[in-house]
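# Chain and residue survey
Here's the letter readout for the chains.
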Amino acid sequence: MGMDLMFTKTLCVSAIALATAAAAPAFARDQIKIVGSSTVFPFSTTVAERFGKSTEFKTPVVESTGSGGGLKLFCAGVGEDTPDITNASRRIKASEVQMCADNGVTDIVEAKIGYDGIVLANSKESGQLSISLGDLFMALAKDVPGEAGETTPNPYTMWNEINPDLPAVKIEVLGPPPTSGTRDAFVELAMEGGCKAVDWVKDLKKTDKNAYKALCHTIREDGAYVEAGENDNLIVQKLQANPAAFGIFGYSFLEQNSDAVQGSMINGVAPEFELIAEGDYPVSRSLYFYVKKAHVGEVAGIEQFLAEFTSEDAWGEEGYLADKGLIPMTEAEREQGAKAITGLMNLSM
């Protein structure tokens, strides 16, 4: 009889334990976790702060890891120890989509949020630089193309050695590391844009894509280009301390520090809000974030956060993100994007 009672008690305890486990949330975390791009960081942080103040949800935690670093964390798997959202200042790569899939992250929502220009800036204590993409490539490439199809290690140490119209100042450019989406976009838009201006290099793209990319995308490593980490504000501070240096970062940081630094003219176009929005500025790109659908409904507030980010009050032409330097998409792009994002439409490459 005693054994029957003990068995019954054991069954009851087991049933209660099972019911409790079933009722408990799969994720103990109740705060959205966001990683990724340092360029998107100020926009994401602003939305997170507004969201935390205006809803019953906790303010999301936003970390600046760089686009590549963020996607690596995001694609590591599903679960409360992995991020819900990652910011990116370039589009996700097919190899990253595959990395996600390999780790069980199969349903991803892509959110394009607006546009940004990449600037070559310097201290206002110095003159404003006007430079072509071709000269900018020659200043920063590891190897430079010659006339007859050959390349040589970059010999230039002064800007005026490339073009006598440029200042007689040592080439010193502070910029983002390889994990940065800004670095990816800069080499694709600015470096490649200047590299392919050379006729034989343009032809090389058709005959040997790997050699073309290696030449056009590889930045010099002899000290003229200084990797300054993922903190764009730190680059701004260093430019103030060294008026002879230049820095590469997103337009929003130029906008926020316009009292101290100025953007260079590139191909005769200034990095100004309207000129970037209209596509006239040659070094501009789209900004994104990516959402892990498996976490929607598991971590409280993700859908509401998406609704806040895609509201006209946030990403609209008169929205608070434009005040921070985000270049808004067109009204039609925003309308279509908001439906896709809040409708949790799967990423399509």
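Residues numbered from 1 in each chain as written. Predicted model: local features only at pLDDT ≥ 70, side-chain atom pairs only at ≥ 80, totals over all residues. Heavy atoms only, no water.

The chain is annotated in an unreviewed UniProt entry as Phosphate ABC transporter substrate-binding protein of Neptunicoccus cionae.

### Side note on the nonpolar core
Spelled out, the test is: Among buried residues, the Ala, Val, Leu, Ile, Met, Phe, Trp, Tyr and Cys ones that are joined through side-chain atoms within 4.5 Å form a nonpolar core. Burial classification: accessible surface area is computed with a 1.4 Å probe over protein chains only, and a residue below 20% of its type maximum counts as buried, one above 50% as exposed, and the rest as partly exposed. In this description, contact between two residues means that some pair of their heavy atoms is separated by no more than 4.5 Å.
The biggest cluster of nonpolar side chains holds 87 residues, and the ones touching the most others in it are L140, W159, V173, F249, F305 and L321. Setting aside its immediate chain neighbours within four residues, F305 contacts I32, I34, S44, V47, A48, F51, P60 and I85. Among the nonpolar cores identified, the runner-up in size contains eleven residues, and C100, V105, I108 and Y288 belong to it.

### With respect to the packing of aromatic side chains
Here is the rule we go by: Pairing of aromatic rings covers Phe, Tyr and Trp, the last through its six-membered ring, and needs centres within 6.5 Å; plane angles under 30 degrees mean stacked, over 60 mean edge-to-face, and all others mean tilted. Helical segments are the DSSP runs of H or I of at least four residues, strand segments are the runs of E of at least two, and each set is numbered from the N terminus. Consider the ring centre and the ring normal. A charge sits over the ring if Lys NZ or Arg CZ is within 6 Å of that centre and within 35 degrees of that normal.
Applying the stated rule across the entire model yields six aromatic pairs. Seen in terms of ring centroids, W159 and F246 are 5.4 Å apart; in terms of plane orientation they differ by 70 degrees. Their pairing is edge-to-face. Separated by 87 residues along the polypeptide, W159 in helix α6 (residues 159–162) and F246 in strand β10 (residues 246–250) bring together distant segments of the chain. Both residues of the pair, W159 and F246, count as buried. Each ring, one from F305 and one from F309, has its centre 5.9 Å from the other, and the planes form 80 degrees; the classification is edge-to-face. With F305 and F309 both in helix α13 (residues 302–309) and four residues apart, the pair spans about one turn of that helix. Neither residue differs from the other here; F305 and F309 are each classed as buried. Following the ring pairs from residue to residue traces out a cluster consisting of F51, F57, F289, F305 and F309. A cation over a ring is seen here: R50 above Y320, with NZ or CZ 4.0 Å from the ring centre. Lying across the ring of F74, K292 places its NZ or CZ 4.8 Å from the centre.

### With respect to the pattern of salt bridges
Put simply, the test is: Basic side-chain nitrogens of Lys or Arg form a salt bridge, by our definition, when they fall within 4 Å of a carboxyl oxygen of Asp or Glu.
Inspection of the entire model under this criterion finds twelve salt bridges. With a shortest N-O distance of 2.7 Å, R90 and E96 are connected by a salt bridge. Taken individually, R90 and E96 each receive the classification buried, so the pair is uniform in this respect. Ionic pairing is found between E312 and R334, a salt bridge with its closest N-O pair at 2.9 Å.

### Let's talk about helix α3 (residues 67–74)
The buried fraction of α3 amounts to six of the eight residues, a majority that puts the element mostly inside the structure. Residues of α3 that are buried: S67, G68, G69, G70, L71 and F74. Close packing links the buried residues of α3 with β1 (33–36), β3 (85–88), α4 (94–102), β4 (108–123), α7 (181–195) and β13 (284–292).

### Points about the environment of S89
The test is simple: The definition of a polar contact used here is a pair of N or O atoms within 3.5 Å, where within protein one atom must be able to donate a hydrogen and the other to accept one, and adjacent residues in sequence count solely through side-chain atom pairs.
Its place among the elements puts S89 in the loop between β3 and α4. Given a relative accessible area of 1%, S89 falls into the buried group. The spatial distance from the C-alpha of S89 to the C-alpha of Y288 is 6.1 Å, given a sequence separation of 199 residues. The residues contacting S89, other than those within four sequence positions of it, are S37, T39, V40, S67, G181, T182, A185, R285, S286 and L287. There is a polar contact of 3.1 Å between the side chain of S89 and the backbone nitrogen of T182.

### Points about the pairing of β13
The side chains of a regular strand alternate between both faces of the sheet. Threshold: A pair of strands is considered paired only if DSSP assigns at least 2 bridges between the two.
Most of β13 sits out of view: eight of its nine residues are buried. In this structure, β3 lies alongside β13, joined through four bridges in antiparallel fashion. When the bridges of β13 are listed, N87 appears paired with F289. Sheet analysis places β4 next to β13, joined by nine bridges and oriented antiparallel. Following the sheet pairing, E110 is matched in β13 by Y290.

### With respect to the state of the cysteines
Here is the rule we go by: In this description, a disulfide is simply a cysteine sulfur pair whose atoms lie within 2.5 Å.
One pass over the full model with this rule turns up two disulfides. Residue pairing for C75: its cysteine sulfur links by disulfide to C100, the two sulfurs lying 2.0 Å apart. An S-S torsion of about -70 degrees defines the bridge between C75 and C100 as left-handed. One end of the pair, C75, is in the loop between α3 and β3; the other, C100, is in helix α4, with 25 residues separating them in the sequence. You can call C100 buried: its relative accessible area is 0%. Paired through a disulfide, C195 and C216 show a sulfur-sulfur distance of 2.1 Å. Classification of the bridge connecting C195 and C216 rests on its S-S torsion, roughly -65 degrees, and on that basis the disulfide is left-handed. With C195 in helix α7 and C216 in helix α9 (residues 209–217), the pair connects residues that are 21 residues apart, well separated along the chain. Judged by its relative accessible area of 0%, C216 is buried.

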